[in-house]
Amino acid sequence: MNILAIESSCDETSAAVLANGHLLSNVIATQLIHEQYGGVVPELASRAHQQHILPVVERSLADANLPKTELSAIAFTRGPGLLGSLLVGTSFAKAMALGLNIPLIEVNHMQAHVLAHFIEAPRPAFPFLCLTVSGGHTQIVRVDAPLDMTVLGQTLDDAVGEAFDKSAKLLGLPYPGGPLIDKYAKEGNPLAFRFPMSEMPNLDFSFSGIKTAIMYFLRDNVKTNADFITENLADICASIQHTLVQMLLTKLKRAARETGIREIAIAGGVSANSGLRTALTQLGQALGWNVYIPRFEYCTDNAAMIAMAAQFKYEQGEFTAQTVSPLPRMSL
């Protein structure tokens, strides 16, 4: 079973080859053009995917040392994501599968983030809880089987990744700002400043309020000291990160208590945040959880996770017709 997978949901073009569950290649082309705009520009993203997709696919097959004639199926991200970006990957996958006369497999991007934990050991046992955190999503998912997932709670407005990036923008940090907050936070005091944590019912989240609180906090302090941000950057970053991480873990702890599940995982781009990884590890040790944290390269958008999800669908015979089209708001 040789699967070529393509990921093009946002601003990374990626292709990977999975052979009988073993990852042979995972190539990622990052789009640097968005840095000058302070965020992803959808039209530019789709154009960059058009430029990158063929070289990335060719490199992935070459790294795997596998001719395209030996492929068993082509997998692609159907959604969620940016429509123009998804169109590039979907169209390329459909054309290649048609040309090779092999099956086509559609993959849900968020489902793939969860299944990234099965690329390599250690792998969580079923059932497990997965905190899936990224620039566009924040969810607590109960996973009873590879293709049986239930969303227990999610953000009702902004995602935590967006809260990191927009907070960084308020601090004058370049895009993408989330990793820079993580970097400066390592040198600061996480209890230096207090920010309010939104209280939402059940296991849902809200991050719009904390962004507003940070904006007013910075505005008021800069009024009295023009150099406030520069002089306190590390402490501000550490305090912001601490607050956002605690908001995530408070709900995750509640979900574990209510379900009785002790197999706990994290996934998505924000799972690369060192503050979150450390805090989750410490919490897991205190509560007796088995904690699973993917390697950094499987946290951000990548085709290896698409290939892993596709293998489970291939085994179940879940193939897609050539009439398929992208679903930018595809739900889990």
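Residues numbered from 1 in each chain as written. Predicted model: local features only at pLDDT ≥ 70, side-chain atom pairs only at ≥ 80, totals over all residues. Heavy atoms only, no water.

Chemist: Just checking my understanding: could you explain the environment of Leu 252 for this structure?
Modeler: Along the chain, Leu 252 turns up in helix α7 (residues 228-259). Residue Leu 252 is classed as buried on the basis of its relative accessible area of 0%. On a C-alpha basis, the gap between Leu 252 and Gly 153 in space is 9.4 Å, while along the polypeptide they are 99 residues apart. When near neighbours in sequence (up to four residues on either side) are disregarded, Leu 252 contacts Leu 131, Ile 140, Ile 264, Leu 280 and Trp 289. (Helix = DSSP H or I, 4+ residues; strand = E, 2+ residues; numbered from the N terminus. Buried < 20%, exposed > 50% of the residue type's maximum accessible area, 1.4 Å probe, protein only. Contact = heavy atoms within 4.5 Å.)

Chemist: What is the right way to read the side chain of Ser 167 from this model?
Modeler: Tracing the backbone through its elements, the reader meets Ser 167 in helix α4 (residues 160-170). For Ser 167, a relative accessible area of 2% translates into the label buried. A polar contact is formed between the side chain of Ser 167 and the backbone oxygen of Ala 163, at a distance of 2.7 Å. Ser 167 has contacts with Ile 181, Ile 214 and Ile 240, leaving out every residue within four places of it along the chain. (Polar contact = N/O pair within 3.5 Å; in protein donor to acceptor, adjacent residues only side chain to side chain.)

Chemist: Would you mind showing me how to read unusual backbone geometry here?
Modeler: The linkage connecting Gly 79 with the following residue, Pro 80, adopts the cis geometry, with an omega of -10°. Turning to its location among the elements, Pro 80 is positioned in the loop between β4 (73-79) and α2 (83-100). Tyr 175 connects to Pro 176 through a cis peptide bond whose omega is -5°. Looking at the element boundaries, Pro 176 is found in the loop between α4 and α5 (178-185). One non-glycine residue, Asn 20, lies in positive phi territory at about 50°.

Chemist: How should I be thinking about the pairing of strand β8 (residues 148-154) in this particular structure?
Modeler: Two faces make up the sheet, and in a regular strand the side chains alternate between them. Two elements, strand β7 (residues 138-145) and β8, share six bridges in a ladder whose sense is antiparallel. Across the sheet, Val 141 pairs through a bridge with Val 151, a residue of β8. Where β7 folds back on β8, the antiparallel hairpin that results is connected by two residues. (Pairing = 2+ DSSP bridges.)

Chemist: Would you take a moment to explain the pairing of strand β2 (residues 12-19) for this structure?
Modeler: In terms of burial, β2 is largely enclosed, as eight of its eight residues are buried. Burial along β2 is two-sided: Glu 12, Ser 14, Ala 16 and Leu 18 and Thr 13, Ala 15, Val 17 and Ala 19, pointing in opposite directions, are all buried. Alignment of strand β1 (residues 2-7) against β2, held across six bridges, turns out to be antiparallel. Across the sheet, residue Ile 3 finds its bridge partner in β2, namely Leu 18. Counting the residues in the hairpin turn of β1 and β2 gives four residues. As consecutive antiparallel partners, β2 and strand β3 (residues 22-30) are separated by two residues, and within that stretch Asn 20 has a phi angle of approximately 50°, a positive value.

Chemist: I'm lost on the sheet that holds strand β6 (residues 128-133) in this one. Help?
Modeler: What links the strands of a sheet is backbone hydrogen bonding, and the strands pair in either a parallel or an antiparallel sense. If you trace the five strands from one edge of the open sheet to the other, you get β8-β7-β6-β9-β10, paired in mixed fashion. If you trace the sheet from one side to the other, it starts and ends with β8 and β10 (290-292), each paired once. Pairwise comparison of adjacent strand axes, ignoring direction, gives a mean angle of 25° for this sheet. Those strands touched by α7 are β6, β7, β8 and β9 (263-267), and its axis lies near 160° from that of β6. (Axes fitted to C-alpha atoms, helices over the stretch in contact; angles between N-to-C directions.)

Chemist: How should the packing of aromatic side chains be read in this particular structure?
Modeler: Overall, the coordinates contain ten aromatic pairs when judged by the stated rule. With centroids separated by 5.6 Å and ring planes inclined at 70°, the aromatic side chains of Phe 217 and Phe 228 adopt a geometry described as edge-to-face. Of this pair, Phe 217 sits in helix α6 (residues 208-224) while Phe 228 sits in helix α7, and the two are eleven residues apart along the sequence. On the basis of relative accessibility, which here comes to 17%, the residue Phe 217 falls in the buried class. Following the ring pairs from residue to residue traces out a cluster consisting of Phe 118, Phe 126, Phe 128 and Phe 312. (Phe/Tyr/Trp six-rings, centres within 6.5 Å; stacked < 30°, edge-to-face > 60°.)

Chemist: Just checking my understanding: could you explain the sheet that holds strand β5 (residues 104-108) for this structure?
Modeler: Ordered by their spatial adjacency, five strands build an open sheet running β3-β2-β1-β4-β5, and the pairing between neighbours is mixed. Each edge of the open sheet carries a strand with a single partner, namely β3 and β5. Each adjacent strand pair in this sheet contributes to an overall mean axis angle of 20°, direction not counted. Its contacts with the sheet put α2 on β1, β4 and β5, and the angle it makes with β4 is roughly 160°. The sheet contacts of helix α9 (residues 303-315) involve β1, β2, β3, β4 and β5, and relative to β1 the element is tilted by about 130°.

Chemist: Where do I start with the packing of α4 against α7 in this structure?
Modeler: The axes of two packed helices give the description: the angle between them and the distance between them. Axis separation between α4 and α7 bottoms out at 11 Å; the angle between their running directions is 170°. On the basis of the axis angle, α4 is roughly antiparallel to α7. When the axes of α4 and α7 are compared, the crossing they make is right-handed. Contacts between α4 and α7 pair Val 160, Ala 163, Phe 164, Ser 167 and Leu 170 from the former with Ile 229, Ile 240, Gln 241, Leu 244 and Leu 248 from the latter. Looking at the contact of α4 with α7 residue by residue, the classes come out as eight nonpolar, two polar and no charged. (Parallel < 35°, antiparallel > 145°, perpendicular 65-115°, else oblique. Left-handed = near helix turned anticlockwise from the far one by under 90°. Nonpolar A, V, L, I, M, F, W, Y, C, P; charged D, E, K, R; others polar.)

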